[in-house]
Amino acid sequence: MKITTSRFGTIEISEKDIIFMPYGMIGFSNDKEFILLKHAEGSPFLWFQSISNPSLAFVLIDPFLIEPNYEIQLSEEDKNDLQIEKSLDKIQTLIVLNISSNKGESFKVTANLLAPVVINIVKKLAKQVILFGSMYSHRHPVELKNRTSSSI
């Protein structure tokens, strides 16, 4: 299957790799199908590209690269939405990065530790969950150590 993206042009993807989000991402509830794309070989960054909206893509990263002691507790509702039955070993947790810059200033990167994207990797279902009552921030500062190899 071919999809068109604003960042990568027209790319070939496998339909079996499409991840369905019944509720979409926060603020983007109409976009329900996404694909995970590697940023570059050896890069920790992933692109969560919308299948139907060529210009909609989120930069994701493993939360443990930002916060080594990161913990989440999924509610029963979240587990049901993700069709997680017994074990959490079939999920992948990623967090959204926000990259911004003002003219003449360096990039500022923050991580949304408060609303991770949780993916049932077997069933290709995902949900952006909100960790109510958590001490995590939606604007956790991130310092990129090596910008030449990790640049976005």
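Summarised in this report is the structure supplied together with it. Values in this document were obtained by computation on a predicted structure and should not be read as measured data.

### Section: the pairing of strand S6 (residues 57-61)
When you tally the buried positions in S6, you get five out of five residues, the bulk of the element. Both strand S5 (residues 46-50) and S6 contribute to a ladder of four bridges, which runs antiparallel. Across the sheet, Trp-47 pairs through a bridge with Val-59, a residue of S6. Two successive antiparallel strands, S5 and S6, enclose a turn made up of six residues. As judged from the three bridges shared by S6 and strand S7 (residues 91-100), these two strands associate in the antiparallel manner. Pairing of Leu-60 across the sheet is with Val-96, part of S7.

### Looking at the nonpolar core
If you look at the biggest cluster of nonpolar residues, it comprises 27 residues, and the most contacted ones within it are Ile-13, Leu-74, Ile-95 and Leu-97. If you tally residues by element for this core, the top one is strand S8 (residues 108-120), at four residues. With residues near it in sequence (within four places) discarded, Ile-95 still touches Val-59, Leu-60, Ile-61, Pro-63, Ile-66, Tyr-70, Ala-111, Asn-112, Leu-113 and Pro-116. Listed in part, the 14 residues of the second largest apolar core include Ile-19, Met-25, Leu-94 and Val-117.

### Section: the pattern of salt bridges
Counting across every chain of the model gives five salt bridges. As a salt-bridge pair, Lys-16 and Asp-17 come within 3.6 Å of each other at their nearest N and O atoms. On the basis of relative accessibility, which here comes to 63%, the residue Lys-16 falls in the exposed class. Each of the salt bridges in this network shares a partner with another, and the network as a whole consists of Asp-78, Asp-81 and Lys-127.

### Overview of the pairing of strand S4 (residues 33-38)
By the bridge criterion, two bridges tie strand S3 (residues 19-20) to S4 in an arrangement that is antiparallel. Bridging across to S4, Phe-20 finds its partner in Glu-33. As paired elements, S4 and S5 share five bridges and run antiparallel to each other. In the strand pairing of S5, Leu-36 is matched with Phe-48.

Cut-offs used in this document
Residues numbered from 1 in each chain as written. Predicted model: local features only at pLDDT ≥ 70, side-chain atom pairs only at ≥ 80, totals over all residues. Heavy atoms only, no water. Buried < 20%, exposed > 50% of the residue type's maximum accessible area, 1.4 Å probe, protein only. Helix = DSSP H or I, 4+ residues; strand = E, 2+ residues; numbered from the N terminus. Pairing = 2+ DSSP bridges. Core = buried A, V, L, I, M, F, W, Y, C linked by side-chain atoms within 4.5 Å. Contact = heavy atoms within 4.5 Å. Salt bridge = Lys/Arg side-chain N within 4 Å of Asp/Glu carboxyl O.

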